[in-house]
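Observations on the model geometry
Each chain is listed here by its residues.
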Amino acid sequence: MSDERFTTSREVYHRIQWDPRFDPREFTIGYDAHGETREEMPFAAFVPDGEIPWHRVWYFKRGHQVVWDREQRLDLLNSPQPPPR
């Protein structure tokens, strides 16, 4: 595993929320629904520091494309150019 710091789910959430390059309505959040089950919710439905803690957020998708994935250490949002739609 790389020693390079990986962007947290909280940081990604706030980037999507406040970066004018992104429309939050285009995103979904994949999270651990306990056990082996992963579920998704619209970005707007997620409540920061609410019922689903940050450590259970596993990925963010823009449309059908995964743009951030904790397990794969993928972060397509951390670049000067936003990922394609």
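Heads up: the structure comes first, above all this text.
Overview of the structure.

Things to note about the packing of aromatic side chains
- Scanning all chains against the criterion turns up eight aromatic pairs.
- Between F6 and W68, the ring centres sit 5.5 Å apart and the planes meet at 20 degrees, which makes this aromatic pair stacked. Placement of F6 in the segment before α1 (9-18) and of W68 in strand β4 (residues 65-69) is noted, with a sequence separation of 62 residues between them.
- For F6, a relative accessible area of 18% translates into the label buried.
- Centroid distance Y13 to W54: 5.6 Å. Interplanar angle 65 degrees. Geometry classified as edge-to-face. With Y13 in helix α1 and W54 in the loop between β2 (38-42) and β3 (57-62), this pair connects stretches of sequence that are 41 residues apart.
- For Y13, a relative accessible area of 8% puts it in the buried group.

So, the sheet that holds strand β1 (residues 27-32)
- A sheet is described by the order of its strands in space; here five strands give the open sequence β2-β1-β3-β4-β5, paired in antiparallel fashion. The open sheet has two edge strands with one neighbour each: β2 and β5 (74-75).
- Bridge count for β1 against β3 is five bridges, and the pairing is antiparallel. Looking at β3, one finds that G30 is bridged to Y59.
- Here α1 sits on the sheet and contacts β1, β3, β4 and β5; the angle it forms with β3, its principal contact strand, is near 25 degrees.

A few points about the nonpolar core
- I29, F46 and F60 are the most contacted members of the largest nonpolar core, which totals 18 residues.
- Breaking this core down by element, the ones donating at least two residues are α1, β1, β3 and β4.
- Sequence-distant contacts of F60, defined by excluding residues within four places in its chain, comprise S9, V12, Y13, I16, T28, I29, F43, Q65, V66, V67 and W68.

Things to note about α1
- When we look at burial in α1, the residues that qualify are S9, V12, Y13, R15 and I16. On an axial view of α1, the arc spanned by its buried residues comes to 165 degrees, and they lie on one face.
- Buried positions along α1 lie against β1, β3, β4 and β5.

Brief notes about the pattern of salt bridges
- Applying the stated criterion to the full structure yields eight salt bridges.
- Residue R10 pairs with D49 through a salt bridge whose shortest N-O separation is 3.2 Å. Of this pair, R10 sits in helix α1 while D49 sits in the loop between β2 and β3, and the two are 39 residues apart along the sequence.
- Accessibility expressed as a relative area gives 37% for R10, which makes it partly exposed.
- We note a salt bridge from K61 to E40, for which the minimum N-O separation is 3.1 Å. With K61 in strand β3 and E40 in strand β2, this residue pair connects regions lying 21 residues apart in the sequence.
- Its relative accessible area of 17% is what places K61 among the buried residues.

Scoring rules and cut-offs
- Residues numbered from 1 in each chain as written.
- Predicted model: local features only at pLDDT ≥ 70, side-chain atom pairs only at ≥ 80, totals over all residues.
- Heavy atoms only, no water.
- Phe/Tyr/Trp six-rings, centres within 6.5 Å; stacked < 30°, edge-to-face > 60°.
- Helix = DSSP H or I, 4+ residues; strand = E, 2+ residues; numbered from the N terminus.
- Buried < 20%, exposed > 50% of the residue type's maximum accessible area, 1.4 Å probe, protein only.
- Pairing = 2+ DSSP bridges.
- Contact = heavy atoms within 4.5 Å.
- Axes fitted to C-alpha atoms, helices over the stretch in contact; angles between N-to-C directions.
- Core = buried A, V, L, I, M, F, W, Y, C linked by side-chain atoms within 4.5 Å.
- Arc of directions from axis to C-beta.
- Salt bridge = Lys/Arg side-chain N within 4 Å of Asp/Glu carboxyl O.

Read these as spatial facts, not as claims about activity.
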